[in-house]
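Listed here are the chains, written in short residue letters.
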Amino acid sequence: SRFHCSLIGCQALTMSTGFLQYFGQLASPDAAVREEASRGLVEALAECQKQKTVAPAPAASDDEAASSPMDENLAYCLKRLLRGLTSSREAARWGFAAVLSEVLLRFADAIPLTLFHRRLHEETEPEDHHDERDYGLGRIFGYTALLHTNRVQAVYGKNQHHPGDSPEAFQPCLAEMVKDLVEFFGKNPLRQVSAKLIIMLATQVPAETFIKHILPAMTPVLSTPLESATPDAMALMLALPTIVPTAFQKSRDLLVSTNLQKIVAPLKDTTYCHPKVHMVWALLVEALVRKTGLAATPAKPLTEEALATVTEFMHRVVEGLLSSSPQRKYLALHVAGFLAPHIRPELVSVFLPDSLLDVVIPAFYRESEFLYPPTATLMTRLAAAAKQSDALAWALIQRFLAAPARGAAPDAPR
């Protein structure tokens, strides 16, 4: 980067072949190449930004840019990065979004959020319906890059980077962002990532802002009947009340028996993202742990109601998955792995029913087995939990010794 700046001067950096090559390298499928290009690009920009070479005067109507100390190289880089988000070439979206996050964070004083938001919309506005998918993904990746910087949170704090980052100036951007995310949520390929971004956004705005500007747009999704709710809608139902409890005086408890029966079928459909595990599962297990007191320290005996909830969850959800396809068995083992750190001596037989051990024992002794990876993770977490309690270690030993060995290798140790 210093070579570029000293040799050709910052004014001409955008004409440097070496500098321009960084953008091509950001699309490389090789993560090491992307990281090196990212580092070189950001360092070159930082070196030039120090010299504060101001870009040509913007149009009079471009108030944000007029008050932004953004030099021509940074302005060019922002434009290229935003355009790169719409590219379907190799790993372009990942590479460009990662650098965009770094640029938004590193040069926050020079790039007001109002300007960034407007430029994002300009560069990701499809020219015709053939571009809708790529440009929609580009905008999603742009919002992802922004939310990973926590600059939205700074808008409502004391460390605003720029006059364009005030809550009043940012309000139209927030409204448009929410509108986009709700629209993307209605499109199946973008539904899960949209839900993740809505959850991230909820963590970065004050409760009153969420209630006034975000919740009204989310109400139709949050009030969907459970029988027809998607896993992504369930994720929002689980996450948002914990993030903004004041906005949900009465939220639906998905773990009560009547509701649990309704959500089992939609939950089984989360195998569409196999081998990844849909985010709803971690949220559901967190809700179970919170509701039943499994995470209480020091541990307290579960109430009869809590024990009944845990037992029904294991029976309807985990064992329900085990009786189905290999992909659902794989998912069941992951869910059991999420629960493993919360296992207690008196609950060993509940958390590890025969139907689960019928899958775990043979899979654990065959590393080539399709189910080995989640099985190994489950066993590792059980071992870690056992190290914290002699009583739990003994209860686990007894449970495995008493379990049927159906399907285990003939020479497998007991």
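Residues numbered from 1 in each chain as written. Predicted model: local features only at pLDDT ≥ 70, side-chain atom pairs only at ≥ 80, totals over all residues. Heavy atoms only, no water.

### Thoughts on the overall build of the protein
(1) Moving on: Counting its secondary structure elements, the protein contains 21 helices and zero strands.
(2) Moving on: Within the protein, buried positions represent 50% of all 414 residues.
(3) Moving on: In the protein, the proportion of contacts linking residues at least 24 apart, taken out of those at least 6 apart, comes to 69%.
(4) Moving on: About 19,800 Å² of surface is accessible on the protein, with carbon and sulfur atoms providing 55% of the total. (Helix = DSSP H or I, 4+ residues; strand = E, 2+ residues; numbered from the N terminus. Buried < 20%, exposed > 50% of the residue type's maximum accessible area, 1.4 Å probe, protein only. Contact = heavy atoms within 4.5 Å. Areas by Shrake-Rupley, 256 points an atom, 1.4 Å probe, with all protein chains shown as cover.)

### Looking at the side chain of Arg191
(1) Moving on: Mapping Arg191 onto the fold places it in helix 11 (residues 191–204).
(2) Moving on: At 4.6 Å, Asp232 is the nearest oppositely charged side chain to Arg191, a buried residue that forms no salt bridge.
(3) Moving on: In terms of polar contacts, Arg191 uses its side chain to reach the backbone carbonyl oxygen of Phe185, at 2.8 Å.
(4) Moving on: Here Gly186 takes part through its backbone oxygen, which lies 3.5 Å from a polar atom of the side chain of Arg191. (Lys, Arg positive; Asp, Glu negative; His and termini not counted. Salt bridge = Lys/Arg side-chain N within 4 Å of Asp/Glu carboxyl O. Polar contact = N/O pair within 3.5 Å; in protein donor to acceptor, adjacent residues only side chain to side chain.)

### Thoughts on the nonpolar core
(1) Moving on: Judged by nonpolar contacts, the single largest core of 131 residues is most densely connected at Ile111, Leu201, Phe210, Leu236 and Phe313.
(2) Moving on: It is helix 15 (residues 279–292) that provides the largest number of residues to this core, a total of nine residues.
(3) Moving on: Dropping the residues within four chain positions of it, Leu201 is found in contact with Leu147, Val152, Leu174, Met177, Val178, Leu181 and Ile214. (Core = buried A, V, L, I, M, F, W, Y, C linked by side-chain atoms within 4.5 Å.)

### Focus: the pattern of salt bridges
(1) Moving on: Tallying each qualifying case throughout the model produces 17 salt bridges.
(2) Moving on: Each of Lys79, Arg83 and Glu123 takes part in one network of salt bridges that share partners.

### Describing the packing of aromatic side chains
(1) Moving on: Counting across every chain of the model gives eight aromatic pairs.
(2) Moving on: Measuring from centroid to centroid gives 5.6 Å for Phe19 and Phe23, while their planes differ by 85°, and the two rings are edge-to-face. Highlighted residues: Phe19 and Phe23, both in helix 2 (residues 17–25), separated by four residues, approximately one helical turn.
(3) Moving on: Given the relative accessible area of 0%, Phe19 is considered buried.
(4) Moving on: With 5.6 Å between their ring centres and 75° between their planes, Phe364 and Tyr365 make a pair best called edge-to-face. (Phe/Tyr/Trp six-rings, centres within 6.5 Å; stacked < 30°, edge-to-face > 60°.)

### Topic: a nonpolar patch on the surface
(1) Moving on: On the surface, Trp394, Ile397 and Leu401 cluster together into a nonpolar patch covering about 340 Å² of accessible area.
(2) Moving on: Looking at where Trp394 falls in the secondary structure, it is placed in helix 21 (residues 390–402).
(3) Moving on: Residue classification places Trp394 among the exposed positions, given a relative accessible area of 53%. (Patch = residues over 30% accessible without salt bridge, like charges linked within 9 Å, V, L, I, M, F, W, Y side chains within 5 Å.)

### Considering the packing of helix 13 (residues 231–243) against helix 15
(1) Moving on: Relative to each other, helix 13 and helix 15 sit at 40°, their axes nearing to 9 Å. Between helix 13 and helix 15, the crossing angle belongs to the class labelled oblique. Between helix 13 and helix 15 the crossing geometry is left-handed. Counting all contacts with helix 13, which are made through Pro231, Met234, Ala235, Leu238, Ala239 and Thr242, the residues of helix 15 involved are Met279, Val280, Leu283, Leu284, Ala287 and Arg290.
(2) Moving on: Of the residues assigned to the contact of helix 13 with helix 15, the class counts are ten nonpolar, one polar and one charged. (Axes fitted to C-alpha atoms, helices over the stretch in contact; angles between N-to-C directions. Parallel < 35°, antiparallel > 145°, perpendicular 65-115°, else oblique. Left-handed = near helix turned anticlockwise from the far one by under 90°. Nonpolar A, V, L, I, M, F, W, Y, C, P; charged D, E, K, R; others polar.)

### Here we look at the confidence of the model for the protein
(1) Moving on: Mean pLDDT for the protein: 87, with 87% of residues reaching 70 or above.
(2) Moving on: Mean pLDDT across the elements of the protein bottoms out in helix 1 (residues 2–8) (41) and peaks in helix 17 (residues 326–339) (97).
(3) Moving on: Within the model, pLDDT remains below 50 along residues 53–62, and this stretch shows 15 contacts once partners closer than five positions in the same chain are excluded. (pLDDT = per-residue confidence, 0-100.)

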